[in-house]
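Survey of secondary and tertiary structure
As a plain string of letters, each chain reads:
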Amino acid sequence: MIVILAADTAIPLPRCAGGSNIAMQFRARSLEANAWDEDTAMKVLKTIGIVGGGALAAFAAVKVLRSPRCKRRLAELYNRTSVAIDQGVGWPSLPVPLALGVLAGVRNTLRETNLVDTNTPGAATGTPPAYPNVVTARTPDGTFNDLKCPFMGSAGTRFGRNVPLNETWQEKQPDLMTPSPRVVSLELMTRNEFTPATTLNLLAAAWLQFQIRDWFSHGKSIKEDSWQVPLAPNDTWHENPMRILRTAPDPTRTAADDGTPLTYINTETPWWDGSQLYGSTADYQAKVRTGVDGKIFIGKDHLVHPDPNALVQVQSFALVGWWVGLELFYTLFTLEHNAICDRLKQEYPEWGDNDLFEHARLINGAIIAKIHTVEWTTAILGHPVLQIAMRANWWGLAGERIKNLFGRLSGSELVSGILGSETDHFGVPYSLTEEFVAVYRMHPLIPDDITFWSRETGEVLQKLNFQQIAGNDAQNICDNIRIEDLFYSFGLMNPGAVVLHNYPKTLQRFERPDGILMDLAAHDIMRCRELGVPRYTRFRELLHLRPVTTFEELTDNPEWREEIRRVYNNDIDTVDLIVGLFAEKPPKGFGFSDTAFRIFVLMASRRLNSDRFFTTDFTEDVYSKVGMDWIADSTLSTVLLRHFPSLAPALNGVNNTFAPWKAKGAQG
Ligand code: HEM
């Protein structure tokens, strides 16, 4: 039986985060009649092809039918058919136009059924902080992005969910420790030999972590009452049981939350607003600003220096998780911010420090969002469908040239892109979600062995292990090796593939800057159970994916299959989400699983759709003419070359800056 969350069953009602709330309905309808097998799906496919010339045409037909009821029914049919086709044959095996149409239908379904609010119904809103300009500038803590719901998406609000609330209970003993997270780490994650992701360079890994630090953090774990993981007698870990610190509790819970699953706080602003650079509090922002010409601080050596006291994840500059890769991107976009300020000051000499800062922040943030959407994503999801779909998110199917020449042709995000369209929260206040965090635990991207080369001579400068370029040591590396050589070396190295048996050894036994030892792989497993993220088979079902009922369906790797079967005592439904994600065979060209991709399909566009500064306020009035031109002209390689022109030979002829660069010897 296939469970479909039908389009008409979950129409979330609009509400305001932390304000007067209307409880959200999340009802799944089981459509037993829809036991789509491959044959049926192919027939439907053929029918759609004949009748409408493809799913896109079917969608267009829906648009022309006037009656709202008829429109709604057709939209439902379209969405359900898309999900059914996807479950039957899978979108990757369809011709590109059909795959695009099916993914659009899948996304509609996800928007209707998989955005779940976790705020307390009826909770008091409180008074938002006062900022001098909330209309045309991003505030430090992300308040007032939605002027009617000022707290929505601000730092200190709750993570949302992509599955129904009743599926998000924290696991209880003995399930919580079964199988032991440490056993999962050792037996399924241990990297014996490095498996590289050969289509990517190491900047792709550093970039993702740089993004994550903008989007979310669970804050500093608490030291009391830690989780105790009993270890096998032959385990070499320094303590038994192994301690895993608990996630900080949500201080905003009230009696009204009793009897509901636990909730957690995102200490960062979930908006795509560059908060990894600018911080998520007014205090932090004040510390990074120089107070002159809108600029932000950079060291005399032209490097960003993380605050050595920030040994926690509460602040973006936290040293936990800090390494050379982060230092490169923090430095690059600090330089970019200051370069934008210079250009703005030249064009608008009457602007003061605040005007310059606020505009530069908006522009810098939009460049980062653009690079992620049209460059990083198309590199890590190297499938023809994604090359079109991601560019369409930014410019629409009409394309970059048309959008730049004529602006929007239509209100439709499909035709003219999400940028500049109407803001849309899809009926649920904006937040990022626990499921989103879980699928981005992509630590296998990190290699254990690092080589730095000179871009001028091609000679090896240093060979190190990962721990030697992380934490406090990152600064030493950056002091001793020129940043151009570091970028060049990152451009040549591959990240790890996001698969089983590829977890960096250095992170499996990772010493935090404060001396605490962690097995991060065991943490990744434990966190999902603690935070009530469903296990793999249930997760797929709730995201409308074809159910996986056997180990054979889970992975085509016979060795992994038997290992997983053994660790999970032959019970497929207990396989942890992350194990399933890493075991699955991804679509051709994909750097991560199709299951993780569902969260991506839903949330990548939502980060843009919900944000006033990417939708209704993505205008010259708000960004300035100079700003809009700067964004249109910027790519990662133009940003890199603006600040480090000597990288040009290594980038010459490279189509995507996140793909491997040209080594000295190969530069013509
Ligand atoms: C490929 C780049 C990386 C990605 C995509 C990534 C992703 C993540 C994610 C999604 C989380 C969960 C954050 C939260 O719950 O708020 C996390 C936590 C963490 N990451 Fe990474 N990370 C990356 C690199 C690193 C590196 C290089 C380090 C260490 C130098 C690191 C250390 C940690 C630590 C210590 C945690 C907290 C674990 C916990 O208590 O749950 N990460 N990471």
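Just above, that's the structure.
Reading the values: rules and limits
Residues numbered from 1 in each chain as written. Predicted model: local features only at pLDDT ≥ 70, side-chain atom pairs only at ≥ 80, totals over all residues. Helix = DSSP H or I, 4+ residues; strand = E, 2+ residues; numbered from the N terminus. Buried ≥ 20, exposed ≤ 12 C-beta atoms within 10 Å, placed from the backbone. Contact = placed C-beta atoms within 7 Å. Axes fitted to C-alpha atoms, helices over the stretch in contact; angles between N-to-C directions. Parallel < 35°, antiparallel > 145°, perpendicular 65-115°, else oblique. Left-handed = near helix turned anticlockwise from the far one by under 90°. Core = buried A, V, L, I, M, F, W, Y, C linked by C-beta atoms within 7 Å. Domains from an automatic or database assignment. Near = placed C-beta within 6 Å. Nonpolar A, V, L, I, M, F, W, Y, C, P; charged D, E, K, R; others polar.

**Describing the overall build of the protein chain**
In terms of regular secondary structure, the protein chain is built from 27 helices and eight strands. When each of the 668 residues of the protein chain is scored for burial, the buried share is 50%. Within the protein chain, contacts between residues at least 6 apart in sequence are counted, and of these 73% link residues at least 24 apart.

**Let's talk about the packing of helix α5 (residues 181-189) against helix α21 (residues 558-567)**
Here α5 crosses α21 at 165 degrees, and the two axes come no closer than 10 Å. Comparing the axis directions of α5 and α21 gives the class roughly antiparallel. In terms of crossing hand, the pair formed by α5 and α21 is right-handed. Facing Val183, Val184, Glu187 and Leu188 of α5, the residues of α21 in contact are Glu563, Ile564 and Val567.

**Topic: the nonpolar core**
Of all hydrophobic cores here, the largest spans 160 residues; its most connected members are Leu103, Ala204 and Ala206. Considering every element that reaches this core, the biggest residue donor is helix α10 (residues 353-380), with 14 residues. Counting contributing residues, this core receives three or more from each of domain 1 (1-113) and domain 2 (157-525 + 598-666). Residues within four places of Leu103 in sequence aside, it is in contact with Trp91, Val385, Ala389 and Val601.

**Some remarks on the site of the ligand**
In the vicinity of the ligand, 23 residues are found, and the nearest of them are Ala205, Gln209, His218, Gly321 and Leu445. Those elements that place two or more of their residues in the shell around the ligand are α6 (202-215) and α18 (520-530). Top contributing element to the shell around the ligand by residue count: α6, with four residues. Grouping the amino acids of the shell around the ligand by side-chain chemistry returns 14 nonpolar, seven polar and two charged.

**Describing the environment of Gly399**
In this fold, Gly399 is placed in the loop between α11 (384-395) and α12 (400-406). The class of Gly399 is partly exposed, set by 15 C-beta atoms lying within 10 Å. Residues Gly399 and Gly417, 18 residues apart in the sequence, show an inter-C-alpha distance of 8.6 Å.

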